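These are the residues of each chain, in order.
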Amino acid sequence: TKFDQDVVTLVRSPALLDSAQDVLQELIALPSVTRVIGHSKGSLEIANAVEALQSAIAKRPPTRTLKIGTLGAVVALPDDVGICQVLGGLDFLGWLNSRADVGRHLIPNVWHSLNPSVPLAMSLQRDVWGKFGTLSAFAGI
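Sequence order as written defines residue numbering, which begins from 1 separately in each chain. Per-residue local features of the predicted model are confined to residues with pLDDT of at least 70, and side-chain atom pairs are confined, for both listing and counting, to 80 or more; whole-chain, interface and lining totals are unaffected and use all residues. Side-chain metrics in this entry use all non-hydrogen atoms of the structure; hydrogen atoms and water are not considered.

Draft legend 1. Region of the structure containing the side chain of S40. Strands here are runs of E lasting at least two residues and helices are runs of H or I lasting at least four, both read from the DSSP assignment and numbered beginning at the N terminus. Within the element layout of this structure, S40 appears in the loop between β1 (35–39) and α3 (41–52). Note on contacts: a residue pair qualifies if any of its non-hydrogen atoms lie within 4.5 Å across the two residues. Setting aside its immediate chain neighbours within four residues, S40 contacts L71, G72, A73, N97 and H112.

Draft legend 2. Fine view of the sheet that holds strand β3 (residues 82–88). At least two DSSP bridges between two strands are needed for those strands to be called paired. Here we have four strands laid out as an open sheet, ordered β1-β2-β3-β4, and parallel in their pairing. If you trace the sheet from one side to the other, it starts and ends with β1 and β4 (105–107), each paired once. Strand-to-strand twist of the sheet, defined as the mean angle between neighbouring strand axes without regard to direction, takes the value 20 degrees. Relative to strand β2 (residues 67–71), β1 is paired through five bridges, and the arrangement is parallel. When the sheet's bridge partners are listed, I37 is paired in β2 with G69. To obtain an axis, a line is fitted to C-alpha atoms, over the contacting stretch when the element is a helix, and the angle between two such axes runs from 0 to 180 degrees between their N-to-C directions. Of the strands in this sheet, β1 and β2 touch α3, which is tilted by about 135 degrees from β1.

Draft legend 3. Broad picture of a nonpolar patch on the surface. Exposure above 30% relative accessible area and the lack of any salt bridge qualify a residue for a patch; like charges then connect within 9 Å, and the nonpolar side chains Val, Leu, Ile, Met, Phe, Trp and Tyr within 5 Å. Only the protein chains shown count as cover for residues, and all accessible areas are computed by the Shrake-Rupley method using a 1.4 Å probe. By definition here, a salt bridge exists when the distance from a side-chain nitrogen of Lys or Arg to a carboxyl oxygen of Asp or Glu is within 4 Å. On the surface, L90, F92, W95, L106, W111 and L120 cluster together to form a nonpolar patch covering roughly 610 Å² of accessible area. Tracing the chain through its elements places F92 in helix α5 (residues 92–96).

Draft legend 4. Quick peek at the packing of aromatic side chains. Here the aromatic set is Phe, Tyr and Trp, taking the six-membered ring for Trp, and pairing holds for ring centres within 6.5 Å; pairs whose planes are under 30 degrees apart are stacked, those over 60 apart are edge-to-face, and all others are tilted. Throughout the structure, instances matching the rule amount to two aromatic pairs. Cluster of aromatic residues (ring-pair linked, three or more members): W129, F132 and F138.

Draft legend 5. Structural view of the pairing of β2. Relative accessibility thresholds used throughout: buried, under 20% of the residue-type maximum; exposed, over 50%; partly exposed, between the two (1.4 Å probe, protein chains only). For β2, the tally of buried residues reaches four of five residues, placing the bulk of the element in the interior. Examined bridge by bridge, β2 and β3 share five bridges and lie parallel to one another. Residue pairing across strands places L71 opposite V86, the latter belonging to β3.

Draft legend 6. Fine view of helix α2 (residues 20–29). Burial in α2 covers these residues: Q21, L24 and I28. Along the axis of α2, the buried positions cluster into a sector of 60 degrees, meaning they face one direction only. On the buried face of α2, the contacting elements are β1, α3 and α4 (54–58). This arc describes the spread of directions from the helix axis toward the C-beta atoms.

Draft legend 7. Spotlight on the confidence of the model for the protein. Chain-level statistics for the protein give a pLDDT mean of 87 and a share of 87% at 70 or above. Taken element by element, the predicted model of the protein shows its lowest mean pLDDT in helix α1 (residues 5–10) (46) and its highest in β4 (97). For every residue, the pLDDT score states the predictor's confidence, bounded by 0 at the bottom and 100 at the top. Of the regions scoring below 50 in pLDDT, residues 6–12 engages in three contacts with residues more than four places distant in sequence or in other chains.

Shown next, in the form of structure tokens:
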């Protein structure tokens, strides 16, 4: 294979790269970011970022409340964020990743995948968007 110098020069040293958690925390800390949605491991990452930023999130004005939506994993989140957590009724992987003591909405007859090409996949359009009220992270855009 031919060596492509342009690609190599665009990649920084791994020691200089921010972790995904650092980037997520930086985004969530912005008052302009009012909606965060994660699927599976992304939901767990969101929970960690919110925990790290809990005091900053609590100080947001009511018009800039952070709304969080999770799919495929139910996580523990503080009460001062708007939370809507969705799990497929057949999502056994999601059940394993989830806290048993946290409320969730169940979508019957769907499993962990969001890929519309996969049978029994959860459809954001059909199953989630606009289904949980105007204050939800899944309210229509």
